[in-house]
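# A structural walkthrough
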Amino acid sequence: MQQRYDAIIVGAGMAGIYAVYHLRKLGLSIKLFEAGSSVGGTWYWNRYPGARVDIESMEYSYAFSDELQQEWQWSERYAGQAELSRYFEFVTDRFDLRRDMQFNTRVSSARFDEDTAEWIVHTSDGASHRARYCVMTTGLLSAPNKPEIPGLESFKGPVYHTGLWPKEKVDFSGQRVGVIGTGSSAVQAIPLIAAEARHLTVFQRTPGYAVPLRNHPMPAEYQHKVKANYAEWRHKERYESFGGWVSVHYEPVPLMTQMALDVSDEERRALYEDRWQSGGLALYNVYPDVYVNREANDTLAEFVREKIRARVNDPATAALLTPNFPILMKRLIADTNYYETYNRDNVSLVDISKQAIETITPNGVKANGQEYECDSLVLATGYDAMTGALTRMDITGRGGVKLTDHWAQRARTYLGMMCAGFPNFFIIDAVGSPSVVFQPIFVSEEQLNWVGECIQHLDANQQRTIEARAEAEDAWGEECERALQATLFPTTNSWYVGANIEGKSHKGLIYLGGMAEYRRWFHEETARGYPGFVLTSGVREGAAA
Ligand code: NAP
C-alpha cells in the first residue's frame, strides 16, 4: 500500500527543516525523507576537523520566527559544525518537526504519474509513496565530487571525503596524511590535521585566496544589540547587501557605491585593511567595480596576495600558495592559521598544477615522478554543486523524460525553482538561484514562502498542476547568463560556473542579479497570474474549498 501525502520533501538540511515547518502550517500533509540519521544537511555530513561557517552566526540563521531568533544563543562569532548541528536539532524539536521526517532513508527515484498527477517516490527501504508535490531540498553542495584518480581503489589505508566525514573522531596522530585539494574545506581541515599528524602532504592544483576568519567567542553585547533590532538587520542583510551579510566590525555596513579606481591608493588600501581586520567575508563589501573591472579587481587581489606572502616563511612555498586570477570570483576562503601551517616542519606542499597526480599507489600518492607515502588520504575535492544531488537521483517527468536528459545540454530552470515537463516539482536552494552567492537560509525561506503561495493559489483556483514554460526556462537561462557575463565570474574556473565537473555547462547555473531583484521576479509572477508557468485544471483531493 502506497502512503499518500500532499507533499514529499527530500532532504533535512536548512531548507528541508523550514519546508516541513511552512508547508505543515499551510495545512498540507507532508513527509520528509533524509538519508542521514538526523537533520542539518551540510552540517550533518561535514564533520571534518575545523568545519565552521564563514558567515557570522547572527546572520547565518533562520529569520522566520522571532521567538526562535531571541531564544537561541550563539557561543561563537562563527559557529562550528557541532554548534550548527545543535541549532538545527533545536529548531526541529522546538517546532515538533521530527514527526514528519523519516531518517536513514534515501530517495532513489521520483516519477510523475500523468494519470493521477501525482509523484511516485521510491525510497531505499523498498517503500513507495505518492504525493501531489515534490519539494527537493537536496542542497547545493551535497553531492561529493570524488575524482577519478588512477589507483585510488588500490590505496591500502582509509580514504575520507570532507563532505562525508565519519561520525567518530578520526585520529591522525602519528600518521602520514595526504590531503588532495585546497578549497574552503581543505583550508579549514589542514591546520588541525597538521597539528595531529606525523607528516602532512598537501596536493595543490590551484591555490585559493584565503583571508583570516577571526573567529572568537560571541561578544554578549553584540548578540544583545542584534537581537534588539533583528528585523532591521534582516532587512539590511536581505536587500542591502551583496551576499546576505552586513556586519563589518559588528556594525551593519551598507553596500559601497564608490569605485576602487576613483580613489587614491592610500584610501583604497585603508578600506581593504579595515575589511581585512574585521575578518571573514567582510572583503566582499568593497568597491563594486572589483566585480566587473579587472584593473579594479587587481587592486584587491594584490592586497590579499601581499598578505599571503607575509604569512609564509619560505618564498618558494609562498609563491605556490599565491593565486594569480581575479579575486572574489571563486568563493573567498576564510581561514584560521592556514598559511602559517606551511611554516611547520611536518607539512609539505606538492604542486600538481602542471601535471596531475599520476596514480595513487597502495602506499601513497605518486606525483611529479615521486611517491609520497601516506597512511590516510583526505579528498577535499568539493562537490558536483547545485545539480549533482538531483542528477544522481532517478527523476522522471511528463512523457517519461528524465531530468538528466532535460538538463543534458545545460541545467534549465525557471526562477531556479521549476522545470518544464516536471509539474509540481519544486527545487530549493539550488541551480538557477542566488543561493551560491547569498546566505542560503534566506534564499530557501523566500523560495519556500513562494512555493506555499503557489500551492495555495492552485487549490483556491481548482488547478491541479503547475510547471515552467519552456520559453520561460530559456529566458531565465539568458537572464542568468546576462548577469554573469557582466561580471568577472566567467574568467575564473570554479564550481560557481560548473568548471570543476567535466562537461558541465555554466549557463543558468547561478543567478547574480541580487536578492531584491530575484524576489521581484517571482513576486511579479504571482501578481501577474503565473505567466511563465503552465497551469492545468482539476481539484486536488482533500484541498480546502
Ligand atoms: P572546492 O572549493 O571545489 O575545492 C575543491 C578542491 O579540490 C580544489 O582545490 C580543487 O582544485 C581540488 N580538486 C578537485 N579535483 C581534483 C583532482 N582531480 N586532483 C587534484 N585536485 C582536485 O570544494 P570545497 O573546499 O569542499 O568547498 C566547496 C564550497 O563549499 C566552498 O566554495 C564554500 O562555498 C563551501 N564551504 C564553505 C566552508 C566555510 O568556510 N563555511 C567550508 C567548506 C566549504 P581546483 O581548484 O584546481 O579545481
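The model shown is predicted, which means the values in this text are computed figures rather than measured ones.

## With respect to the pairing of strand S6 (residues 128-136)
Summarising burial for S6: nine of the nine residues are buried, a large majority. Summarising the sheet, strand S1 (residues 3-10) and S6 pair through seven bridges and their orientation is parallel. Among the inter-strand pairings, Tyr 5 is bridged to a residue of S6, identified as Ala 131. Summarising the sheet, strand S5 (residues 118-123) and S6 pair through four bridges and their orientation is antiparallel. Within S6, the position partnered with His 122 by the bridge is Ser 128. Between the end of S5 and the start of S6, which pair antiparallel, lie four residues, with Gly 126 showing a positive phi angle near 90 degrees.

## Re the site of the ligand
Lining the immediate environment of the ligand, one finds 23 residues, of which Arg 52, Ser 185, Arg 205, Thr 206 and Trp 495 sit closest. In this structure, Gly 183 approaches the ligand through a main-chain N or O atom, which is 3.5 Å from an oxygen atom. A distance of 2.8 Å is found between an oxygen atom of the ligand and a side-chain nitrogen or oxygen belonging to Arg 205. Compared with its free state, where it exposes 910 Å², the ligand has 86% of that area covered by protein. Partitioned by chemical class, the residues of the shell around the ligand number nine nonpolar, nine polar and five charged.

## Examining the packing of helix H14 (residues 440-460) against helix H16 (residues 515-527)
Where H14 contacts H16, the axes come no closer than 11 Å and their chain directions differ by 5 degrees. Here H16 runs roughly parallel to H14, going by the angle between their axes. Only Met 515, Tyr 518, Arg 519, Phe 522, His 523 and Thr 526 of H16 make contact with H14, whose side of the interface consists of Val 443, Glu 446, Gln 447, Trp 450 and Glu 453.

## Looking at the environment of Thr 322
Relative to the assigned elements, Thr 322 resides in the loop between helix H10 (315-321) and strand S13 (333-335). Judged by its relative accessible area of 13%, Thr 322 is buried. Placed 165 residues apart in sequence, Thr 322 and Thr 487 show a C-alpha to C-alpha distance of 22 Å. Ignoring sequence-local partners within four residues, the contact set of Thr 322 consists of Pro 207, Arg 305, Ile 308 and Arg 309.

## Examining the nonpolar core
Tyr 62, Phe 88 and Phe 426 are the most contacted members of the largest nonpolar core, which has 169 residues in total. Sorting elements by how many residues they give to this core places H14 first, with nine residues. Sequence-distant contacts of Phe 426, that is, excluding residues within four places in its chain, are made with Tyr 133, Cys 134, Val 135, Met 136, Met 417, Met 418, Trp 450, Val 451, Cys 454, Ile 455 and Ile 466. Among the nonpolar cores identified, the runner-up in size contains 15 residues, and Phe 155, Ile 360, Ala 367 and Tyr 372 belong to it.

## What about the sheet that holds strand S15 (residues 359-361)?
Read across the open sheet, the three strands follow the order S15-S16-S17; overall the sheet is antiparallel. Of all strands in the sheet, those bounded by a partner on one side alone are S15 and strand S17 (370-373). Sheet twist, expressed as the average angle between the axes of neighbouring strands with direction ignored, equals 30 degrees. Taken together, the four bridges between strand S16 (residues 364-367) and S17 define a ladder with antiparallel strand orientation. For Ala 367, the partnering residue across the bridge sits in S17 and is Gln 370.

## Some remarks on the environment of Glu 471
Mapped onto the secondary structure, Glu 471 falls in helix H15 (residues 470-485). Residues Glu 471 and Lys 227, 244 residues apart in the sequence, show an inter-C-alpha distance of 44 Å.

## Remarks on helix H4 (residues 81-94)
Between its first and last C-alpha atoms H4 spans 20 Å; for 14 residues at 1.5 Å apiece the expected length is 20 Å, and the two agree. The set of residues buried in H4 consists of Gln 81, Glu 83, Leu 84, Ser 85, Tyr 87, Phe 88, Val 91 and Thr 92.

## Regarding the side chain of Lys 31
Note that Lys 31 resides in strand S2 (residues 30-33). Salt bridges are absent for the buried Lys 31, whose nearest opposite-charge side chain, Asp 100, sits at 6.2 Å. Each residue touching Lys 31, except ones within four places of it in the same chain, is listed here: Tyr 5, Ala 7, Ile 8, Ile 9, Asp 100 and Gln 102.

## Topic: the pattern of salt bridges
Applying the stated rule across the entire model yields 42 salt bridges. The shortest N-O distance in the salt bridge between Glu 467 and Arg 398 comes to 2.8 Å. Of this pair, Glu 467 sits in strand S21 (residues 463-468) while Arg 398 sits in the loop between strand S19 (394-396) and helix H13 (403-406), placing them 69 residues apart in sequence. As a salt-bridge pair, Glu 517 and Arg 520 come within 2.7 Å of each other at their nearest N and O atoms. Of this pair, Glu 517 and Arg 520 are both found in helix H16, three residues apart, which corresponds to roughly one turn of the helix. We classify Arg 520 as partly exposed; its relative accessible area is 37%. What emerges from the salt-bridge pattern is a single network uniting Arg 4, Asp 113, Glu 118 and Arg 130.

Parameters and conventions
Residues numbered from 1 in each chain as written. Predicted model: local features only at pLDDT ≥ 70, side-chain atom pairs only at ≥ 80, totals over all residues. Heavy atoms only, no water. Buried < 20%, exposed > 50% of the residue type's maximum accessible area, 1.4 Å probe, protein only. Helix = DSSP H or I, 4+ residues; strand = E, 2+ residues; numbered from the N terminus. Pairing = 2+ DSSP bridges. Near = heavy atom within 4 Å. Polar contact = N/O pair within 3.5 Å; in protein donor to acceptor, adjacent residues only side chain to side chain. Areas by Shrake-Rupley, 256 points an atom, 1.4 Å probe, with all protein chains shown as cover. Nonpolar A, V, L, I, M, F, W, Y, C, P; charged D, E, K, R; others polar. Axes fitted to C-alpha atoms, helices over the stretch in contact; angles between N-to-C directions. Parallel < 35°, antiparallel > 145°, perpendicular 65-115°, else oblique. Contact = heavy atoms within 4.5 Å. Core = buried A, V, L, I, M, F, W, Y, C linked by side-chain atoms within 4.5 Å. Expected span 1.5 Å × (residues − 1). Lys, Arg positive; Asp, Glu negative; His and termini not counted. Salt bridge = Lys/Arg side-chain N within 4 Å of Asp/Glu carboxyl O.

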